[in-house]
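Survey of secondary and tertiary structure
Listed below, chain by chain, are the residues.
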Amino acid sequence: MACLRVILGDQLSDEISSLRDIASGDSVLMAEVMTEASYVPHHKKKLIYVFSAMRHFAETLRQRNIRVFYTRLDDPENSHSLLGEIARHIDKAEADTVIVTNGGEYRLTEDMKTWGEKLRLAVECRDDDRFLASHDDFQQWAEGRKSLRMEYFYRDMRRRYDVLMEHGKPVGGEWNYDSENRAPPKEGLSPPKPFAVAPDAITTEVMAMVTERFANNMGDADGFTYAVTRGDALAALDQFLTDRLPLFGTYQDAMIDNEPWMFHAHIGLYLNSGLLSPREIISKAQAQWQHGKAPLNAVEGFIRQILGWREYVRGIYWYRMPLYAQSNALAADRPLPDFFWTADTKMRCLRISIQNTIDHAYAHHIQRLMVIGNFSLLAGLDPAAVNAWYLAVYADAYEWVEMPNVHGMTLYADGGDLASKPYAASGAYINRMSNYCKGCHYSVTSKLGKSACPFNLLYWDFLMRNQDQLAGNPRMGMPYRNLARMDAARKDQIRLESAEILETL
Ligand code: FAD
Ligand code: DLZ
Ligand code: SF4
């Protein structure tokens, strides 16, 4: 008998483990199902991307003469669950075995473990070896360590894969070049135009379906120009490598209004759904440096995001789940303000970053971390609600990568597993790294009163609210010494005005 090989919406890679030994007589099943399309209210552009990329990938399999069963979301027979679709197709496929690569998200991989019993069939769940560190690799690295800092993991990965290494040492003599990175935007800085491709017939059909069926979800189908095939994703990567990589490091943290794309790569969605592989991206980026086309600070900074951060957050997620999802070290419980869905706020930095998110299902890292994330941290928003929002609104969002960035890096909900201190900052940081404050309703230099930048008030209020948990952290010594010097009347005024801001949320 034959095998039915199931491919999920983020497994669109020829080298996926579930396809590796595909034999004649085997079939592939791909299914657009509401269980996956509605577990959070995904942004319309994310849904369009996933469904269109799935449909294009199915076509490439058919071109390889593979028999593909493909269930569209609007198919009247659709059972709307992956298990239901396997049950519906197993006989048609004349198969007695199901082969699938483990899901990237904990909830789905747990569910897969029950499929065999429910279907009364052999179900083989394979590791997803598109990553450079397996779960076992990470566990071995993490076990017994006092601190799970990314930097040490990253150095091990550089050595193991011989990336930017020379005679066992990092090229240039340093492991990281952050001191040359992270400049504020200079006057007149103008990033190149992003990669864009016009929707073809398949994408246009998906755009209409998503617009109709997900009318209340964030965003619009209009302006969808992301790649949906491997060929176009490779073209997007190449465009980044030539046009933006040289300044990637220098302006990694810079923000400019009307420039949502800056010098970032915009490849997270392709990488996370399988159209691009981390190995090829790292090797192409390294080649740019070897050929003198991009400086070391940019190439190292970029490779660190993929070989370091991306692999590391996945490791943390699987090492810590399922408890990680419940973490809330700072006992934050405020509901999400409505403006997270509408961008209707007088805080210009938040209005711009959330509007970029609504327009593109994308915001770059520093908007996610230091504007929207920083606000969520300072305002004490409930980690579960913040997590659900990030998971819904970005086209590259899958829980394995999103949750450590939200619970760990942004909200300190994991109590410091991932970040050695909370990334809390006042308005001064946003003012230094962007031009957002010019033209804001609030004044970034005002610390008290109606016109004071809310980040300035909430920053001190956050430190006071969380003094018991944070004052003992050696990396928080300086802010707590400054707080200690503040007179009691000023502290009371900050508490009062912060409470007013938080109430209006
Ligand atoms: P670039 O800045 O050009 O970086 C290149 C690539 O490096 C990214 O595509 C990504 O694959 C990887 N990378 C960079 N930073 C990280 C990181 N911190 N963790 C993991 N990979 C990283 N990334 C996601 O892929 N999905 C998410 O759902 C997601 N949610 C996030 C939520 C928050 C609160 C924060 C602070 C970060 C989040 N990130 C997430 C990480 C990062 O912001 C995005 O990977 C990046 O913005 C994607 O855009 P880009 O391709 O232009 O990235
Ligand atoms: C994100 C997503 C969406 C929106 N829809 C589907 C779908 O209909 N069918 C499918 O197979 N996969 C989809 N995906 C991707 C899955 O959510 C993803 O495979 C899991 O979250 C595991 O990472
Ligand atoms: Fe944001 Fe404050 Fe600057 Fe306004 S003044 S843009 S709220 S940091």
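Worth saying up front: this structure is predicted, and the values here are computed from it rather than measured.

Right, let's talk about the environment of Pro479 for a bit. Topologically, Pro479 is positioned in helix 22 (residues 477-485). When its relative accessible area of 12% is taken as the criterion, Pro479 is described as buried. Among all residues touching Pro479, those that are not within four sequence positions of it are Tyr459, Trp460 and Leu463.

Moving on, we come to the packing of aromatic side chains. Within the structure shown, the criterion is met by 26 aromatic pairs. With a centroid separation of 5.1 Å and an interplanar angle of 70°, the aromatic rings of Phe340 and Trp389 are classed as edge-to-face. Here Trp389 lies in helix 17 (residues 383-393) and Phe340 lies in helix 14 (residues 339-342), a separation of 49 residues in the sequence. As far as the burial class goes, Phe340 and Trp389 line up, both buried. Grouped by ring-pair contacts, the aromatic residues Phe339, Phe340, Phe375, Trp389, Tyr390, Tyr394 and Phe455 constitute a single cluster. Sitting over the ring of Tyr398, Lys46 keeps its end group 5.5 Å from the ring centre. The aromatic ring of Tyr362 is capped on one face by Arg368, whose charged end is 5.7 Å from the ring centroid.

Turning to the pattern of salt bridges, a few remarks are in order. In this structure the tally under the stated criterion is 32 salt bridges. One salt bridge in this structure joins Glu105 and Arg107, with 2.9 Å as the shortest N-O distance. Relative accessible area serves as the criterion here: at 4%, Glu105 is assigned to the buried category. The salt bridge partner of Arg495 is Asp492, with a shortest N-O separation of 3.0 Å. Note that Arg495 and Asp492 are positioned in helix 23 (residues 488-504) at a spacing of three residues, about one turn of the helix.

What follows is about the domain arrangement of the chain. Considered domain by domain, the chain is made up of domain 1 (2-126), domain 2 (135-192 + 244-320) and domain 3 (339-503). Here domain 2 and domain 3 have C-alpha centroids that lie 24 Å from each other. At the junction of the two partners, domain 2 supplies 30 residues and domain 3 supplies 31 residues. Of the roughly 2,700 Å² buried between domain 2 and domain 3 on both sides combined, carbon and sulfur atoms contribute 64%. The tally of links from domain 2 across to domain 3 stands at two salt bridges. Among the ionic pairs, Asp417 bridges to Arg320, the shortest N-O distance being 2.5 Å. Our enumeration of links across domain 2 and domain 3 arrives at nine residue pairs in polar contact (both at pLDDT 80 or more). Of all the secondary-structure elements, those providing two or more residues to the side of domain 2 that touches domain 3 are helix 11 (268-273) and helix 13 (296-320). Classifying every residue of the side of domain 2 that touches domain 3 gives 17 nonpolar, six polar and seven charged.

Parameters at a glance
- Residues numbered from 1 in each chain as written.
- Chains lettered and ligands numbered in written order.
- Predicted model: local features only at pLDDT ≥ 70, side-chain atom pairs only at ≥ 80, totals over all residues.
- Heavy atoms only, no water.
- Helix = DSSP H or I, 4+ residues; strand = E, 2+ residues; numbered from the N terminus.
- Buried < 20%, exposed > 50% of the residue type's maximum accessible area, 1.4 Å probe, protein only.
- Contact = heavy atoms within 4.5 Å.
- Phe/Tyr/Trp six-rings, centres within 6.5 Å; stacked < 30°, edge-to-face > 60°.
- Lys NZ or Arg CZ within 6 Å of the ring centre and 35° of its normal.
- Salt bridge = Lys/Arg side-chain N within 4 Å of Asp/Glu carboxyl O.
- Domains from an automatic or database assignment.
- Buried area = accessible area lost by both parts, 1.4 Å probe.
- Polar contact = N/O pair within 3.5 Å; in protein donor to acceptor, adjacent residues only side chain to side chain.
- Nonpolar A, V, L, I, M, F, W, Y, C, P; charged D, E, K, R; others polar.

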